[in-house]
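Coordinates in review
Now for the letters of each chain:
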Amino acid sequence: MTAADMADETSWYAVRCVFQWDAWEGAPYEERLTLWQAVSMDQAIARAEDEARTYAGENGHRYLEMAQCYRLATAGRPDDGDEVFSLLRDSPLGKEAYLDHYFDTGHEHQGTPTED
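This report concerns the structure included in the present document.

Parameters and conventions
Residues numbered from 1 in each chain as written. Predicted model: local features only at pLDDT ≥ 70, side-chain atom pairs only at ≥ 80, totals over all residues. Heavy atoms only, no water. Helix = DSSP H or I, 4+ residues; strand = E, 2+ residues; numbered from the N terminus. Contact = heavy atoms within 4.5 Å. Buried < 20%, exposed > 50% of the residue type's maximum accessible area, 1.4 Å probe, protein only. Lys, Arg positive; Asp, Glu negative; His and termini not counted. Salt bridge = Lys/Arg side-chain N within 4 Å of Asp/Glu carboxyl O. Polar contact = N/O pair within 3.5 Å; in protein donor to acceptor, adjacent residues only side chain to side chain. Patch = residues over 30% accessible without salt bridge, like charges linked within 9 Å, V, L, I, M, F, W, Y side chains within 5 Å. Areas by Shrake-Rupley, 256 points an atom, 1.4 Å probe, with all protein chains shown as cover. Disulfide = S-S within 2.5 Å. Core = buried A, V, L, I, M, F, W, Y, C linked by side-chain atoms within 4.5 Å.

**With respect to the environment of Ala 38**
Counting through the fold element by element, Ala 38 comes out in strand β2 (residues 29–38). Along the chain, Ala 38 and Trp 12 lie 26 residues apart, while their C-alpha atoms are 6.4 Å from each other. Leaving out residues up to four positions away in the same chain, Ala 38 has contacts with Glu 9, Thr 10, Ser 11, Tyr 13, Gln 43 and Ala 44.

The structure is reproduced here in structure tokens:
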């Protein structure tokens, strides 16, 4: 397959966009992942950002103009267990400090799993 042929092929991309909910107490931030079928990362980001601006406007949120994109390493449609996003980050923090700093600050609005 030539590079020209590949340019016409679509792949699945996950795009993470960041919002701020100004109308909520504390103005929390939202990280939102959406899936897009596109011929390039640039096209996926452009489509996701168009949708992000609509989502923000319809819900009274502010899109912070930040998008990160990940090309899914899957052939065909995404399926159970497919990786939809990955981000590598260098950090001098140890594992507990890293998790507390980025993922468990105590200010997350999240549910907790229930035990059956």
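**Considering the side chain of Glu 30**
Mapping Glu 30 onto the fold places it in strand β2. At 4.5 Å, Arg 32 is the nearest oppositely charged side chain to Glu 30, a buried residue that forms no salt bridge. A polar atom in the side chain of Glu 30 sits 2.9 Å from the side chain of Trp 21. Among all residues touching Glu 30, those that are not within four sequence positions of it are Cys 17, Val 18, Phe 19, Trp 21, Tyr 55 and His 61.

**Section: a nonpolar patch on the surface**
Together, Leu 93, Leu 99, Tyr 102 and Phe 103 give the surface a local cluster of nonpolar side chains, amounting to about 370 Å² of exposed area. Checked against the element boundaries, Tyr 102 lands in helix α3 (residues 95–102). Under the relative-accessibility criterion, Tyr 102 is labelled partly exposed at 35%.

**Considerations on the state of the cysteines**
Tallied over the full model, the rule gives zero disulfides. Free cysteine: Cys 69, not disulfide-bonded; nearest cysteine sulfur from Cys 17 at 9.3 Å. Of the residues examined, Cys 69 reaches a relative accessible area of 18% and is grouped as buried.

**Examining the nonpolar core**
Most often, soluble globular proteins have nonpolar side chains that are buried together. Val 15, Cys 17, Phe 19, Ala 44 and Tyr 63 are the most contacted members of the largest nonpolar core, which has 14 residues in total. Counting only elements with at least two residues in this core, the list comes to β1 (11–20), β2, α2 (41–59) and β3 (62–71). If you tally residues by element for this core, the top one is α2, at five residues. Trp 12, Ala 14, Leu 72 and Phe 85 belong to the second-largest nonpolar core, a separate cluster that totals five residues.

**Details of the pattern of salt bridges**
In this structure the tally under the stated criterion is five salt bridges. Across the pair Asp 22 and Arg 62 runs a salt bridge, and its minimum N-O distance is 2.9 Å. Of this pair, Asp 22 sits in the loop between β1 and β2 while Arg 62 is found in strand β3, placing the two residues 40 residues apart along the sequence. Salt-bridge contacts for Arg 32 lead to Glu 51; the nearest nitrogen and oxygen are separated by 2.8 Å. Linking Arg 32 in strand β2 with Glu 51 in helix α2, this pair joins segments that are 19 residues apart in sequence. Residue Arg 32 is classed as buried on the basis of its relative accessible area of 18%. Classification of Glu 51 by relative accessible area gives partly exposed; the value is 24%. Linked through salt bridges whose partners overlap, the residues forming this network are Asp 50, Arg 53 and Glu 65.

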